[in-house]
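A structural walkthrough
So you can see what is in the structure, the chains are spelled out below.
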Amino acid sequence: MRHEGLYLVALSGGADSVALLRVLIVLEYKVEAVHCNFHLRGEESDRDENFCVSLCEQLGIKLHLVHFDTLGYASAHHVSIEMAARELRYGYFEQLRLALNAEDICVAHHQDDQVETVLLNLVRGTGLAGLQGMCPRNGHIIRPMLGMSRAEILVYLNSLDQSYVTDSTNLDNELQRNKLRLDVIPLLETINPAVKENIARMTDHLHEVTKVVEGSLRESTNIIQVDDNCYDLNVLSAQLSPEYLLWSIVSQYGFNSAQASEIMANRQSGAKWKSTHYVACVDRDRLYILPRKDWEEDLPEFRIPEIGTYQYPHVLNWGNEKEGHRDQTHFRFVTQFVDSKSDINKSHLTATLDADEVEFPLTLRPIHEGDRFVPFGMKGSKLVSDFLTDLKMPLPQRRRQLVLTDAHDNILWLVACRIDNRFALIKGHSTKALIITTE
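Right, let's walk through the structure included here. (Residues numbered from 1 in each chain as written. Predicted model: local features only at pLDDT ≥ 70, side-chain atom pairs only at ≥ 80, totals over all residues. Heavy atoms only, no water.)

**Brief notes about the pairing of strand 10 (residues 278–283)**
Our working rule: Three labels apply to residues, based on accessible area from a 1.4 Å probe with only protein chains included: buried if under 20% of the type maximum, exposed if over 50%, partly exposed otherwise in between. Only DSSP runs of H or I covering at least 4 residues are called helices, and only runs of E covering at least 2 are called strands; the numbering of each starts at the N terminus. Two strands are said to pair when DSSP picks up at least two bridges between them.
For strand 10, the buried fraction is high: 5 of the 6 residues fall into the buried class. Sheet analysis places strand 9 (residues 272–274) next to strand 10, joined by 3 bridges and oriented antiparallel. Bridging from a neighbouring strand, Lys274 pairs with Val279 of strand 10. Here strand 9 folds back onto strand 10, and the loop between the two strands holds 3 residues. Strand direction decides the pairing type here: strand 10 and strand 11 (residues 286–291), joined by 6 bridges, are antiparallel. By the bridge assignment, Val282 is partnered in strand 11 with Leu287. Connecting the antiparallel pair strand 10 and strand 11 is a turn made up of 2 residues, with Arg284 showing a positive phi of about 50 degrees.

**Comments concerning the packing of helix 3 (residues 70–77) against helix 4 (residues 81–100)**
In plain terms, the rule: Fitted lines through C-alpha atoms give the axes, limited to the stretch in contact for helices. The angle between two N-to-C directions lies from 0 to 180 degrees. Relative orientations are named as follows: roughly parallel for angles under 35 degrees, roughly antiparallel for angles over 145 degrees, roughly perpendicular for angles from 65 to 115 degrees, and oblique for any other angle. By the convention used here, residues are in contact when the closest approach between their heavy atoms is within 4.5 Å. Just so you know the grouping, Ala, Val, Leu, Ile, Met, Phe, Trp, Tyr, Cys and Pro go in nonpolar, Asp, Glu, Lys and Arg go in charged, and all remaining residues, Gly too, go in polar.
Relative orientation of the contacting elements helix 3 and helix 4 amounts to 105 degrees, with a least axis distance of 9 Å. Regarding the angle of helix 3 to helix 4, the classification is roughly perpendicular. Contacts between helix 3 and helix 4 involve Thr70, Leu71, Tyr73 and Ala74 from the first element and Ile81, Ala84, Ala85, Glu87 and Leu88 from the second. Of the residues assigned to the contact of helix 3 with helix 4, the class counts are 7 nonpolar, 1 polar and 1 charged.

**Focus: the sheet that holds strand 10**
Strand order in the open sheet made by the 5 strands is 7-8-11-10-9, with antiparallel pairing throughout. Taken across any chain shown, the strands that pair with only one partner, and hence form the sheet edges, are strand 7 (225–227) and strand 9. Along the sheet, successive strands turn relative to each other by an average axial angle of 20 degrees, direction set aside. Both strand 8 (residues 230–232) and strand 11 contribute to a ladder of 3 bridges, which runs antiparallel. The partner of Asp232 across the bridge, within strand 11, is Arg286. On top of the sheet, helix 12 (residues 257–265) reaches strand 9, strand 10 and strand 11; it is set at about 170 degrees to strand 9, its chief contact.

**Thoughts on the nonpolar core**
Soluble globular proteins tend to bury their nonpolar side chains together. This is how the line gets drawn: Residues grouped as a nonpolar core are buried Ala, Val, Leu, Ile, Met, Phe, Trp, Tyr and Cys residues, joined through side-chain atoms within 4.5 Å.
Formed by 26 residues in total, the largest nonpolar core has its most connected members in Phe333 and Leu404. Broken down by secondary-structure element, the contributors of at least two residues to this core are strand 12 (302–304), strand 13 (308–316), strand 14 (328–338), strand 15 (350–354), strand 16 (362–366), strand 19 (402–405), strand 20 (411–414) and strand 22 (431–438). A per-element tally of this core places strand 13 first, with 3 residues. Ignoring sequence-local partners within four residues, the contact set of Leu404 consists of Phe333, Leu362, Thr363, Leu364, Asn410, Ile411, Leu412, Trp413, Val415 and Ile436.

**Here's the deal with the sheet that holds strand 2 (residues 30–37)**
With mixed pairing, the 6 strands of this open sheet are ordered in space as 3-2-1-4-6-5. Each edge of the open sheet carries a strand with a single partner, namely strand 3 (63–67) and strand 5 (137–138). Pairing analysis gives 3 bridges linking strand 1 (residues 6–10) to strand 4 (residues 104–106), with the strands arranged parallel. Residue pairing for strand 4: Tyr7 is matched across the bridge by Asp104. Here helix 1 (residues 15–26) sits on the sheet and contacts strand 1, strand 2 and strand 4; the angle it forms with strand 1, its principal contact strand, is near 160 degrees. Its contacts with the sheet place helix 2 (residues 43–59) against strand 2 and strand 3, and it is angled at close to 165 degrees to strand 2.

**Considering unusual backbone geometry**
Glycine aside, negative phi is the norm for most residues, and most peptide bonds take the trans geometry. For the bond running from Phe360 to Pro361, omega is 0 degrees, close enough to zero to count as cis. Secondary-structure assignment places Pro361 in the loop between strand 15 and strand 16. Although it is not a glycine, His39 adopts a positive phi angle of roughly 55 degrees. Among the structural elements, His39 can be located in the loop between strand 2 and helix 2.

Treat this as a map of the structure, not an account of what it does.
Put into structure tokens, the structure is as follows:
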């Protein structure tokens, strides 16, 4: 924290937040207080608000007050009351911080809160991140008192003869966090009176360990990553901890630990898993992670009635990043006479066909099951799906492959890939060519 900026202090009226405000004032930080009335405890909620107003008047500190319909928000957003209060509180904090151009929001979580958080995460099931508890800084939320115990806070307030309010719900041991505070931690202290200090020290150690682990994960991810959305599972298997590395990657896309284990166990091409917004699929020992909207979207058919320039209604990617090709959506159809001296464009983004053999209207469409064509340079027909598999085209690209067909649904061009030999120009003959390009 630097003394030049403005800091907002989340003030509930409880001992912890009152102590935080008093400490920052003594340290000569420029502060303003923020109190949220969630209207969940009737007259007690109003009592807390009145206390905060009175305290800030005594200290000469500006107070920002906000009232929330917490129950209405929880119902409208289908979340718990606890989650509703959290979303409303932190959403308002950030909104106010931006409006006032404040540096950070200071909240009064202390060492005892940290211990409760770690134990709660442990009971619910957690990994390395959960065992670290709360971070001293999370974006613009800072917790200056994480190193102080509740007992130390109360001693400080008593030395100032400073009053505070008590939330009656903190005494209800039916709530999970309160049950830990009131029942479990005292029981653990009978085994080791220093249990809270030891757990807090462990979180500090784990924060340091995490820096090492995250650095290693970044290096390993770079090794196994083929491109932005593709990972080599064979290379993954050779890493020090393949399953944890995979979990660290897929969890960023909303996949759970059970799905990460399934991916490690099932390397069969075509296997797929879904999170809320993504699909993970395996294809020839490669793991692809793609947006569900792209995976599940059906490309439309598009009619080409005559020569001209057309824009296909979806952005297409032909998977040619190595050649510097950018996404294209335009198709241009022209005819011109060619002879044995003409230069034929051999780019995969251009198809040159015998115009006399092509009957309009043409159609751009996705591949249908059972589609066959005669690949250029071959005599016999081949299933399009087999042809693409033989090319080792990645599964995500195969799913979005287009074909261009004539009036009789004959495939003229496997777009940006291969023309049909039946409609190719005859070498050395003068003829009218239909030239199709993507631009």
